Structure formats: structure tokens, C-alpha cells
Amino acid sequence: MNVKFNRIKHLSALLLLSAAAVQVGCAASGDTQAAKSDSLATETAGNSPKNVIIFIGDGMGISTITAGRIFVGQEKGRTGEENKLSFDKFPQLALIKTYNTNAQVPDSAGTATAILSGYKTNIGAVNVRPDKDVQKMFLEGCGGETAPTLTDKAKASGKSVGVISTARLTHATPAAMFAHSVSRDIEADKDLEAPFDYDGCVSISQQLITSEVDLALGGGRKEFTDAQVAAWSGAVVSTKAELMAAPTDQRVLGLFNRSHMSFDADRPETEEPSLAEMTTYTMDRLSSDPDGYVMMVEAGRIDHAHHGTNAYRALKDLQALDEAVAAAVAKADKDTLILVTADHSHVFTMAGYPVRGNPIMGLVRGVDRKTGGPDADYSLDQDGKPYTTLGYQNGPNVREASSDTLTDNMVQDRDYRQQTAVNLSGETHAGEDVALFAAGPGAARFSGVMEQDEIGQALAEMLGQ
Ligand SMILES: [Zn+2]
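- Labelled according to an unreviewed UniProt entry, the protein appears under the name Alkaline phosphatase, originating from Litorimonas cladophorae.
- In its Sequence similarities (unreviewed entry) section, the UniProt record describing the protein reads: "Belongs to the alkaline phosphatase family."

Listed below in C-alpha cells is the structure:
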């Protein structure tokens, strides 16, 4: 589809959206904003997309998607439940089994290996096979043969490669695009030093520098030595302005923060590009390759906010992902397959019986069964105290009878950390299935209940590798 025409369509969709925002109320339907993504929505057959974009919401379990959908809808001034996220409109859907080869509840290293490289591995391992590589590397040191990465496969089929993450580029999920590491913790050269004994291993930062990735945008400057940055063959940028001014005939390494990029809620907009801006920049650049491109875009910090039981920042980062997917849909042509999935879930829950349109970050106020409207008072627990709709099964800030009585002011503060049931220093991942949404050529391959490594296997076949 003609790009200019597509933009005009997108604009009209935005206008429709603004009009819909005025009609607040239960009757409002998300369908009023469904005027785009038509080319993607109808073309799901075929098996050889020219371009592939894989969005990964790190830790974006289904409860996060549901709460995020309501959060985004309420930010638009609506009740929220009827809202549709950009990827809610995708035609294909699958449930993904996320376990690692040796872990019932997984981590991002093993799951990203499954999604991107097409095989499951041990928890904590990036692109090394569980049956031989992991044991051998721990006992005998690194080296030896490893299976090709998605970057290798894309390059073998002549395509360009983009890696985008709001986490450090050396973090487990982006690393799975280009690196092999027996431990996800070998991010920098200094991580190879004692007390660890990773004989012969190469840091993930060094592997990025020597990789064939064309555009790598994210955080993690502290994981790279000055010599490594100088050795990058192409432009190196550290601000949004530098990115936009980067020469368009060179590879680009963007390191926009010392560590992870900011949560979207805290992002300094002139310094750090948004996930949507990085996505569209990379699509613009890579679409000059007549053979197409493969891109991985990670919303890496949904996971981090959840680990800190701060639902607000998790949902704001989901909103940033929603906007990035919408921007990609508006720009993509019909030869582009777009996947949106998560690597794993979190123990994040949405509960109680809050009335329709109750603030998603707020205290539970139930339904008055006589009037059908909201109860006059908050719902109370057995200790006579109000409670929030959103919570976590484990983590710090355990809810007890002696806990402070919550107020809506407290719990709707952006820094509020939701209460938990099991006392752990950090909240954990969860083991239930995650969702995968697919649109574009090849999308029909993704349906039913799938093992996570079947995603990577399908991608390899589509690339003819
Ligand atoms: Zn995590």
C-alpha cells in the first residue's frame, strides 16, 4: 500500500477516535476506532512475508493486557473496558506455553531464545542449546558450535535487521536476537572477571559490536567499554536529536541511557525517543532494503515495573507498546507480518467486583444491585478495610490486618506499589500461557495453543532457513 495513502487513513482513524472519545459511557464500543489496519487484517495466508516485526512486551501477561486496555481507555476519558488496543484488532491469536526446559515458571533468556531462535533452553541461558551447550559451557568453558540466531537467519536471506529495546541492549530479550551466552548475566566484559569463571566466553556487549545487526536502539551504555563503542562500524548516538540526524547510509547504535531507558512515565522526551519513535525510525531506515527486514521491538520495562509491584508504570509502558504497534500498523505495507506477544507473565491480578468504569488504579467500589450503579461506599475486606482492584500474588508490601487503611489518593499515586500476598523481596514472573497476536502474511500459522519455540521455528521457515 502507498505509504502516503496509509498515513491519510491513519489520520482519519485518529479523527474518528477523537470523536468517539466524546461519547463516554457503557454503550461506547471500541469498534468506532477500528478504521485502520485493514490491509494487515485481511492478509493472513501465505508464508513468505517480506518484512517481519516481532513486538515483545516483557512480562505482558494477559492480566496486564486487560488492565492496560482499561487503563488506556480511561486515559481517553472513557469507562475503559470497551477500549481496543492496537493489537486487539489483529485477526490471529494463539496461546503460548512459556516454560523453560528446566523451569515451570520461566525467565526472559530462555523464553526469548524460544521465540526468536526456535528452541527452548534452560532458564538464564541465551541461545545455547540445553542438551549440550549449557552443561558443556559451565564445565568446560565457552566456544564450540551454536545454532544460528534470528539475525544470522535474516542475513542469510538477504534481509536487514533491527533490534529495539527500552531495556539495556545487552539484556536477555534483545541479546537473544544476536548473541549466545551460557548466562544472561555476562552483559559486559567486566562480567567475565572473577569471581565468575566463564572461560573463553564473549560478553553480550562485544557480541553486539561484532554482530551484523544494522540498527540497535535502546539502553545500556554502561555495559560497553569506550573501545567497544569506537569499534562499532557505523554511527553511535545517545539522544533523540542525534538519532534523527544520524546519517541514513550507516548502521546505527543508539544508547540512550546508562542502564535501561526510562520508564515511559518518567521519560525525558527531548533526550530519549519513545518506543513508537524508535519503531518508525527503524522501519523507515530498513525499508530501503529491497529484500526486506526483520525487527524485534521490546517493551522491556513492563517487566521491571511489575517486579517492583508498581502497576502504574507497567501499564504506562504497555501504553507505549500499544502506540508503537499502532505506528507500525499505520506504516507497514501488506508484505509485513507483525507479531505481538510476551515472553512470560507476572503474578499480577485484577480482582474484586468493581463497578463498570471504576478507576483501574483505584480502590474497589462494587455495584449497587438495586440501582445497577456504583455502591455508595468502597468494598471492604474482613478487617473492614478497602482494597485495590490491582494486586500481586507475591512481592514486598504484604497486605496484613495492621496495614495502613488505603485511600484513593494513596493508591492512584504513580509511585504506589500494590499490595501482595506472599512476602518476597521482589515480585516474580508467572507461569500461565501468554497471548500472541498476529497480522499480515503468514499470520495464519499462529493459532491454537502453541509451544513458544514453535514461533521461532515458524519464523525460520518463513525466512527459508
Ligand atoms: Zn522479569
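## Quick look at the sheet that holds strand β2 (residues 92-97)
Line of reasoning, step 1. Ordered by their spatial adjacency, 10 strands build an open sheet running β5-β6-β4-β3-β7-β1-β8-β14-β2-β15, and the pairing between neighbours is mixed. In this open sheet, the two edge strands, each paired with only one partner strand, are β5 (235-237) and β15 (448-451). In this sheet, neighbouring strand axes are inclined to one another by 15° on average, regardless of whether the strands run parallel or antiparallel.
Line of reasoning, step 2. Sheet topology note: the strand β1 (residues 51-57)/strand β7 (residues 293-299) ladder contains 6 bridges and is parallel. If you follow Phe55 over to β7, its bridge partner there is Val297.
Line of reasoning, step 3. Those strands touched by helix α13 (residues 311-331) are β1, β7 and β8 (336-342), and its axis lies near 170° from that of β1.
Line of reasoning, step 4. With respect to the sheet, helix α15 (residues 453-462) is in contact with β1, β2, β8, β14 (434-439) and β15, its orientation differing from that of β15 by roughly 85°.

## Focus on the coordination of the zinc ion
Line of reasoning, step 1. All of the protein donors around the zinc ion are Asp303 (OD), Asp303 (OD), His307 (NE2) and His429 (NE2); their distances to the metal are 2.1 to 2.4 Å.
Line of reasoning, step 2. Given 4 donor atoms and angles of 57 to 149° at the metal, the environment of the zinc ion is assigned as irregular.
Line of reasoning, step 3. Here the donor residues of the zinc ion share one chain and are spaced in sequence as D-x3-H-x121-H. Of this pair, Asp303 sits in helix α12 (residues 302-307) while His429 sits in strand β13 (residues 429-430), and the two are 126 residues apart along the sequence. Both residues of the pair, Asp303 and His429, belong to the buried class.

## Describing the pairing of β2
In regular strands, side chains alternate between the two faces of the sheet.
Line of reasoning, step 1. Burial along β2 is one-sided: the residues Gln92, Ala94 and Ile96 are buried and none of Leu93, Leu95 and Lys97 is.
Line of reasoning, step 2. With 4 bridges joining them, β2 and β15 adopt parallel strand pairing. When the bridges of β15 are listed, Lys97 appears paired with Glu451.

## Description of the nonpolar core
Note that soluble globular proteins tend to have their nonpolar side chains buried in a common cluster.
Line of reasoning, step 1. Formed by 104 residues in total, the largest nonpolar core has its most connected members in Ile54, Phe55 and Phe446.
Line of reasoning, step 2. Counting residues per element, this core draws most heavily on α13, which supplies 11 residues.
Line of reasoning, step 3. Apart from the residues within four sequence positions on either side, Phe446 is in contact with Gln92, Leu93, Ala94, Leu337, Leu339, Leu436, Ala438, Ile455, Ala458 and Met462.
Line of reasoning, step 4. In terms of nonpolar packing, the next biggest core, distinct from the first, is built from 8 residues, Ala125, Val128, Val182 and Tyr198 among them.

## Quick look at the pattern of salt bridges
Line of reasoning, step 1. Taken as a whole and assessed by the stated rule, the structure comprises 23 salt bridges.
Line of reasoning, step 2. Between Glu75 and Lys316 there is a salt bridge; the shortest N-O distance is 3.4 Å. Within this pair, whereas Glu75 is found in helix α3 (residues 62-75), its partner Lys316 is found in helix α13, the two being separated by 241 residues in sequence.
Line of reasoning, step 3. The residue Asp214 makes a salt bridge to Lys155 at a minimum N-O spacing of 2.8 Å. Here the residue Asp214 occupies a position in the loop between α8 (204-209) and β4 (215-219), and Lys155 occupies one in helix α6 (residues 150-156), the gap between them amounting to 59 residues.
Line of reasoning, step 4. When its relative accessible area of 23% is taken as the criterion, Lys155 is described as partly exposed.
Line of reasoning, step 5. If you follow the salt bridges from partner to partner, you end up with Arg168, Glu187, Lys190, Asp191, Lys222 and Glu223 in one network.

About the criteria used
- Residues numbered from 1 in each chain as written.
- Predicted model: local features only at pLDDT ≥ 70, side-chain atom pairs only at ≥ 80, totals over all residues.
- Heavy atoms only, no water.
- UniProt positions renumbered as here; feature names shortened; annotations may be inferred.
- Pairing = 2+ DSSP bridges.
- Helix = DSSP H or I, 4+ residues; strand = E, 2+ residues; numbered from the N terminus.
- Axes fitted to C-alpha atoms, helices over the stretch in contact; angles between N-to-C directions.
- Contact = heavy atoms within 4.5 Å.
- Donors = N, O, S within 2.8 Å, 3.2 Å for Na, K, Ca; no water.
- Tetrahedral: all angles 85-135°; square planar, octahedral: opposite > 155°, others 65-115°.
- Buried < 20%, exposed > 50% of the residue type's maximum accessible area, 1.4 Å probe, protein only.
- Core = buried A, V, L, I, M, F, W, Y, C linked by side-chain atoms within 4.5 Å.
- Salt bridge = Lys/Arg side-chain N within 4 Å of Asp/Glu carboxyl O.

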